[in-house]
Each structure stands twice: as structure tokens, then as C-alpha cells.
Amino acid sequence: MSTKTNEFGGEIGGITLLGKAHSLSALFIVLLRATIGGMILFAGLGKVSEWPFDAAGYLANVDPASPVSGLYALMASSPALMEIVNVVVPITQLLIGAALIAGAFVRLAALGGAMQMTLFYLGGWSGDALALFDSTLVYAVVFLTVAAFGAGRVLGLDAYIERIEVGGEPLTEKFPALRYVLG
């Protein structure tokens, strides 16, 4: 194991943030990626195993204090939209989980996971200040952390995908926009 210290940082709103990663950081970013990937994969498997999955009950019964209660109730009242939601939610959970565990298209998968958790967070909003920091918000932040660290490059398929040569150039040099979905 290398004892080399990796520095990381950035600037946000004029404030410079600097840090040094511990030698175990790479191991824990892989564990975090695999754990959050497994969590959402098994959520999707649970929905598929109890097929047909139906989100209408959840959407129709969101607390009226939630900022999305009207939108979710409207969605629940549309049979055509519910057919789409009832397929999209479990399928995307399976894909997000598999991608994170494999370390492939990690930024795209993590963004999808963060979006789902944010939608669940808003659906669970009760207006109670004590419930402000519930588990779905924590999950959304974990997904974003996995994306920010480029966790697919650490013991993941993204490290290999990025180096695939297309016309004699690594994939991400030929198509720089892919850096936003890989990593």
C-alpha cells in the first residue's frame, strides 16, 4: 500500500477548501460506492420481487406539508403516468445499483441515485424540523459524494472505460463530455 498523501480541494464562493486524503481513503470510497450501490440495488430487487410494483399509494398519500404533495397526488391520479413510474423506479434502481457496484458510469449512476433520493426526501417532507435530516437526504449526499470523488476510477470499470482507445485516443480525450458520466 502506498503511503503517498493525495491532496484535494477546490474553491466555493471565494473560500478555498483543501484536504489530504488518508492512505485508507481509496478503500473507503470503494466501500461507500459498493454499499450505497447495494442499498439501491436491493431496493430495486425488492420492488421487482413483489411485482407488480405500484407507487400510486405512496404518491397519493404524501403529507400535505410536503412541497410536492400536489404534484405527487396528480401523478398518482394518472394511470398512464403511473404505468411509466412503476417501471422506471425499480429498473433505474437496479441499473444504478449494478453500475455503482461495478464502478461503471459512476457519476451518471450516482446522479440518478441522488435525484431519486431527493424525490423521496421531498415526498417524505412533513414540515417537522426534527425530520429535516432524514435518511433519504443522507443517501442523496452519499450519492453525490461518490460522484464527486470519481469513485468509479478506484477499483471500478470506469478506470478501464476511460482508457478505451477510439481512433488512437483515450475515450475521454476523444469525447471529453464523458468525464461527466464516468469516474
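1. Regarding the overall build of the protein
Secondary structure summary: the protein contains eight helices and four strands in total. For the protein, the succession of helices and strands along the chain, N to C, is β-β-α-α-α-α-α-α-α-β-β-α. Structurally, the protein occupies a C-alpha span of about 55 × 40 × 30 Å along its principal axes. Within the protein, the proportion of its 183 residues that are buried is 34%. Summarising the internal contacts of the protein: among those between residues at least 6 apart in sequence, 65% fall at separations of at least 24. About 11000 Å² of surface is accessible on the protein, with carbon and sulfur atoms providing 70% of the total. In the protein, 9 side chains carry a positive charge and 13 a negative one; their mean positions are 13 Å apart.

2. Quick notes on helix α4 (residues 79–102)
An ideal rise of 1.5 Å per residue puts 34 Å on 24 residues; α4 measures up with 35 Å between its terminal C-alpha atoms. Looking only at α4, the buried set comprises M82, V85, N86, V89, P90, Q93, I96, G97, A99 and L100. G103 sits one or two positions beyond α4 and adopts a positive phi of about 75°.

3. Things to note about helix α3 (residues 69–76)
For α3, the complete set of buried residues consists of S69, Y72, M75 and A76. Down the axis, α3 shows its buried residues gathered within 125° of arc, on one side only. Buried positions along α3 lie against α2 (56–60), α4 and α5 (106–123).

4. A few points about the nonpolar core
Core analysis: the largest hydrophobic core is formed by 18 residues, its most contacted members being I36, I96, L100, F143 and V146. For this core, the elements supplying multiple residues, two or more each, are α1 (25–49), α4, α5 and α6 (135–148). In contact with I36, not counting residues within four places along its chain, are L100, Y139, V142, F143 and V146. In terms of nonpolar packing, the next biggest core, distinct from the first, is built from twelve residues, F53, V68, Y72 and V85 among them.

5. Looking at the confidence of the model for the protein
Looking at the protein as a whole, its pLDDT mean stands at 90, while 96% of the residues score no less than 70. At the level of individual helices and strands, the protein shows its lowest average pLDDT in strand β1 (residues 6–12), which scores 78, and its highest in α4, which scores 96.

6. Remarks on the pattern of salt bridges
Under the counting rule described, the total for this entry stands at one salt bridge. Close ionic contact of E162 with R153 constitutes a salt bridge, the shortest N to O distance being 2.9 Å. You can call R153 partly exposed: its relative accessible area is 35%.

7. Considering the packing of α1 against α4
At a minimum axis distance of 7 Å, the contact between α1 and α4 shows a crossing angle of 150°. In this view, α1 runs roughly antiparallel relative to α4, as classed from their interaxial angle. Handedness of the crossing formed by α1 with α4: left-handed. Listed contacts from α4 to R33, A34, I36, G37, G38, I40, L41, A43, G44, L45, K47 and V48 of α1 are V89, P90, Q93, L94, I96, G97, A98, L100, I101 and A102. The class makeup of the residues in the contact of α1 with α4 is 15 nonpolar, five polar and two charged.

Conventions adopted
- Residues numbered from 1 in each chain as written.
- Predicted model: local features only at pLDDT ≥ 70, side-chain atom pairs only at ≥ 80, totals over all residues.
- Heavy atoms only, no water.
- Helix = DSSP H or I, 4+ residues; strand = E, 2+ residues; numbered from the N terminus.
- Buried < 20%, exposed > 50% of the residue type's maximum accessible area, 1.4 Å probe, protein only.
- Contact = heavy atoms within 4.5 Å.
- Areas by Shrake-Rupley, 256 points an atom, 1.4 Å probe, with all protein chains shown as cover.
- Lys, Arg positive; Asp, Glu negative; His and termini not counted.
- Charge placed at Lys NZ, Arg CZ, Asp CG, Glu CD.
- Expected span 1.5 Å × (residues − 1).
- Arc of directions from axis to C-beta.
- Core = buried A, V, L, I, M, F, W, Y, C linked by side-chain atoms within 4.5 Å.
- pLDDT = per-residue confidence, 0-100.
- Salt bridge = Lys/Arg side-chain N within 4 Å of Asp/Glu carboxyl O.
- Axes fitted to C-alpha atoms, helices over the stretch in contact; angles between N-to-C directions.
- Parallel < 35°, antiparallel > 145°, perpendicular 65-115°, else oblique.
- Left-handed = near helix turned anticlockwise from the far one by under 90°.
- Nonpolar A, V, L, I, M, F, W, Y, C, P; charged D, E, K, R; others polar.

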